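Notes for the structure review
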Amino acid sequence: MQKKWIAAGVAAVAIAAGAAWFSGAFKERASAAQAGNGEDTIALSEYPDRPYWGDTHLHTDNSVDAFGFGVRIGPEAALRFARGEKVTATMGMEAQLDRPLDFLVISDHSDALGATKRLMNAPSALVRDPTLKRWQAMLREGGRQSVIATGELIDAAATGNIPEALRDPERQEKATRDIWQEHLRIIDLFNEPGRFTAFAGFEWTLMPDGNNLHRVVMFRDGAPTIGDTLPFPGLDTDVTDLWDYLAAYEQGSGGQALAIPHNSNLSNGMMFEMTGPDGAPLTAEYAAKRARWEPVVEVTQIKGDSESHPFLSPNDEFAGYGIWGWELGNLPLTAKATPDMYGGSYVREALKRGLSLEQRLGVNPYRFGLIGSTDSHTSLATADEDNFFGKHTGNEPGPDRAMAGQNLGTREGRFGWHYLASGYAAAWARGNTRAEIFDAFKRREVYATTGSRMSVRIFGGPGFTEDSFGSDWVATGYREGVPMGGVLTDNGTAPAFMIEALKDPEGANLDRVQVVKGWVDANGNPQEKIFDAAWSERPMDGASDSPVPAVGNTVDEATASYTNTIGAAQLRTVWSDPEYREGQRAFYYVRVIEIPTPRWVLFDALRFGVELPDEVVKVVQERAYTSPIWLMPAAEET
């Protein structure tokens, strides 16, 4: 199967084009503190004292598809935007976050890094392959033609039909090295310990037959440690090769790196399989490697939400958030999804599968924490509903984008309104440095939101009561329990959880706090149940065991507004598992639901004076997903 993307013809002209591109590059160098991992650069708090907000999944004009889709701003503009500065988006609009982010990982695709930019800029006479020549013309025409050309390229990559001329690893390595070294220099320059953290990273883009098995790789280190290590190609490799690459990097450099799977919802069941990549039974060695290198999963982003599906969780009234359009099939829609695939595509089911595998293998490959990120291909890291710049430049703000076809391959079936303004990653850390935030990811003390910046904290332990919320409940939580991402050992009593959720200071009130429990029953079957643990004041129906009624809805669709006259600014509780069984293998994570608020489509409708059809989802309840806390049988403590 042909899999290499890079054209000999393109690479041949890349040297000239690249030389011109770099000739005017800004050559300022970072300080030692900026280029390091941040250790010993700032004073740290005793405990993680606040969530730091960031995006670990952003593409710039160095990504083969982002440039093809039209973006013309690069890593420097992306970093300025993330730290709160005003920039000009590709389509000419001014863009600025209301609140800066604390950290950013630019994760351009490792395959064909900068290729479409080089193809468009290459002299036509040097591009001989007829398909490449046609794509070059379409890229130069821009707009819809450029998007179509890129869709064809993605489709060709998914189906193994990349032109022969797009395969020359030696020349691609030269081009990648030039771009990567310049990228690392820029990343270090924007890294300011204590103020803003810029991480090096890339996206490893494995997509067998169009099924999304992508990972973002995130480094803890700066350019001096990363050195000559280049981004690892996704095509022609498998995930064990990626883990070997990460191991070799750590052994060779003394640095650290991790991988973050994303868009499991577009994997057609392949992301969280019960078997290994070769279809054979999953081994303990494989499970241990996956757990070692993939401590977190991206559960929500622009291309849909992967927490749960109503088919898998029919008793969960909040299941199925953001699955519209995305549940149809794999990434380019070259293969439709069927219900039997959902188990390997959604995160909650993977957490349950992990318990079953752990019972059989002694290792849980799916003991991961949860984050959100954007996957924006506009160089603009924003998950704000009222400041949404779309998946790619082809759907930056405009009157038609909500109903326009937005297919990433060449098939039909998905539309602009299916895109989510989601999500963000929150890391509980002692300070804003590469080391502190990366280490929070490693210990899974992180959580995901669909765009809100609500604060959510959870500690699990054997003996927490309402009295535990004393003057220093955080110290109590760390001293007597474990935070999100941690593991409890069963001591024969029901675990208790101190939970606190605070609304986004500039956002909506909270509807409720839920605990999502998964476990393996006595027959070895995975189970799940959703518990309402705390909720805002509202009229109840009088039955003590009835579900909590809906919180109401204050959204005015005509003005894309809502009021905080319902819900609560803070929800806090100690919740103990009422269905605990000694020796049970289980996980618990917290889902926090906001009151209903307008989606980005309503802000578009108001701005551009358009009417939206009834099928468009216009109002949602934003949410947060914490990393789980696991409960292990005492005999299996790890």
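What counts as what
Throughout, a residue's number is its position along its own chain's written sequence, starting from 1. Restriction of local features to residues with pLDDT of at least 70 applies here, the model being predicted, together with a cutoff of 80 or more for giving and counting side-chain atom pairs; totals for whole chains, interfaces and linings are based on all residues. Computation of side-chain values: all heavy atoms of the structure, hydrogens and water removed. A run of H or I in DSSP becomes a helix once it reaches four residues, and a run of E becomes a strand once it reaches two; helices and strands are each numbered from the N terminus. Our radius of gyration looks at C-alpha atoms and nothing else; its globule reference is 2.2 Å times the residue count to the power 0.38. In this scheme, a residue with accessible area under 20% of its type's maximum is buried, one over 50% is exposed, and one in between is partly exposed, where area comes from a 1.4 Å probe on protein chains only. The contact criterion used throughout is that any non-hydrogen atoms of two residues lie within 4.5 Å. Here, nonpolar core refers to any group of buried Ala, Val, Leu, Ile, Met, Phe, Trp, Tyr and Cys residues whose side-chain atoms link them within 4.5 Å. Domain start and end points were adopted from an automatic or database domain assignment. Buried area is understood as the total, over both parts, of accessible area removed when two parts are fitted together, assessed with a 1.4 Å probe. When a carboxyl oxygen of Asp or Glu lies within 4 Å of a side-chain nitrogen of Lys or Arg, that pair is called a salt bridge. Under the scheme applied here, ten amino acids are nonpolar (Ala, Val, Leu, Ile, Met, Phe, Trp, Tyr, Cys and Pro), four are charged (Asp, Glu, Lys and Arg), and all others, including Gly, are polar. In short, DSSP must find at least two bridges between two strands for them to pair. Multiplying 1.5 Å by the helix residue count minus one yields the expected span of that helix. By construction, the arc corresponds to the directions joining the helix axis to the C-beta atoms. Whenever a nitrogen or oxygen atom comes within 3.5 Å of another N or O atom, the pair is scored as a polar contact, on the condition that within protein one atom can donate a hydrogen and the other can accept it, and that pairs from neighbouring residues in sequence are kept only if both atoms are in side chains. Comment: axis = line fitted to C-alpha atoms, over the contacting stretch for helices; angle = value between 0 and 180 degrees taken between N-to-C directions.

Once that is clear, we can look at the overall build of the chain. If you tally the helices and strands in the chain, you get 15 helices and 25 strands. Taking 638 residues into account, the globule formula puts the C-alpha radius of gyration at 26 Å, and the chain, at 24 Å, falls close to it. Expressed as lengths along the three principal axes of its C-alpha atoms, the size of the chain is roughly 75 × 55 × 50 Å. Looking at the chain as a whole, 64% of its 638 residues qualify as buried. Counting only contacts in the chain whose residues sit at least 6 apart along the sequence, the fraction spanning at least 24 positions is 77%.

What follows deals with the nonpolar core. In terms of nonpolar packing, the biggest core is built from 70 residues, with Phe219, Leu246 and Phe368 touching the most fellow members. The leading source of residues in this core is helix H10 (residues 239–253), at seven residues. Looking at which domains feed residues into this core, each of domain 1 (50–114 + 168–397 + 415–446) and domain 2 (454–541 + 550–633) gives three or more. Of all hydrophobic cores here, the second largest spans 58 residues; its members include Ala78, Leu79, Leu510 and Trp519.

Let us look at the domain arrangement of the chain. Examined at the domain level, the chain breaks down into domain 1 (50–114 + 168–397 + 415–446) and domain 2 (454–541 + 550–633). If you look at the interface, domain 1 gives 45 residues, while domain 2 gives 50 residues. The largest contributions to the domain 1 side of the interface with domain 2 come from Phe318, Glu385 and Trp417, which together make up 19% of the buried area. At the boundary of domain 1 with domain 2, the tally comes to eight salt bridges. Close ionic contact of Asp504 with Arg99 constitutes a salt bridge, the shortest N to O distance being 2.7 Å. Contributing elements (two or more residues each) for the side of domain 1 that touches domain 2: strand E1 (50–58), helix H12 (347–361) and strand E11 (369–372). Ranked by residues supplied to the side of domain 1 that touches domain 2, first place goes to H12 with seven residues. In terms of residue class, the side of domain 1 that touches domain 2 is built from 22 nonpolar, eight polar and 15 charged.

Next up on the list: the sheet that holds strand E9 (residues 296–301). The strand order E10-E9-E11 describes an open sheet built from three strands, whose pairing is mixed. The open sheet has two edge strands, strand E10 (304–305) and E11, and neither has a second partner. Bridging between E9 and E11 involves four bridges; their strand directions are parallel. Looking across to E11, one finds that Val297 is bridged to Leu370.

Looking at the secondary structure, you find Thr597 in strand E22 (residues 597–598). Contacts of Thr597, omitting those with residues within four sequence positions, involve Ala508, Val555, Tyr562, Lys618, Val619, Val620 and Glu622.

Helical geometry note: an α-helix holds 3.6 residues per turn, so side chains three or four residues apart project in the same direction. Within helix H13 (residues 434–442), seven of the nine residues are buried, leaving the element largely enclosed by the surrounding structure. Those residues of H13 that sit buried are Arg434, Ala435, Glu436, Ile437, Phe438, Ala440 and Phe441. Following H13 by one or two positions, Arg444 has its phi on the positive side, about 65 degrees.

Let's shift gears to the environment of Glu46. The residue Glu46 is located in the loop between helix H2 (32–35) and E1 in this model. For Glu46, a relative accessible area of 67% corresponds to the exposed category. Between the alpha carbons of Glu46 and Gly431 there is a distance of 9.9 Å; along the sequence they are 385 residues apart.

This part covers helix H6 (residues 130–141). Its twelve residues give H6 an end-to-end C-alpha distance of 17 Å, which sits within 8% of 16 Å, the value for a rise of 1.5 Å per residue. Of all the residues in H6, the buried ones are Leu132, Trp135, Gln136, Met138 and Leu139. Seen end-on, H6 carries its buried residues on one side only, within an arc spanning 165 degrees. Exposed residues lying more than 90 degrees from the buried face of H6 are Pro130 and Glu141. Between the side-chain oxygen at the start of H6 and the backbone nitrogen of Thr131 there is a gap of 2.9 Å, and the oxygen is on Asp129. Gly142 sits one or two residues past H6 and shows a positive phi near 75 degrees.

A separate point is the sheet that holds strand E20 (residues 570–576). In sheet architecture, strand pairing relies on hydrogen bonds along the backbone and comes in two forms, parallel and antiparallel. What the four strands build is an open sheet, ordered E15-E14-E17-E20; its pairing is antiparallel. Of all the strands in the sheet, the pair left with one neighbour each is strand E15 (482–483) and E20. For strand E17 (residues 496–502) and E20, the ladder comprises seven bridges, and the chain directions are antiparallel. Directly across from Leu502, in E20, lies its bridge partner Gln570. Against the sheet, helix H14 (residues 473–480) makes contact with strand E14 (455–461), E15, E17 and E20, and its axis sits at roughly 40 degrees relative to E14, the strand it touches most.

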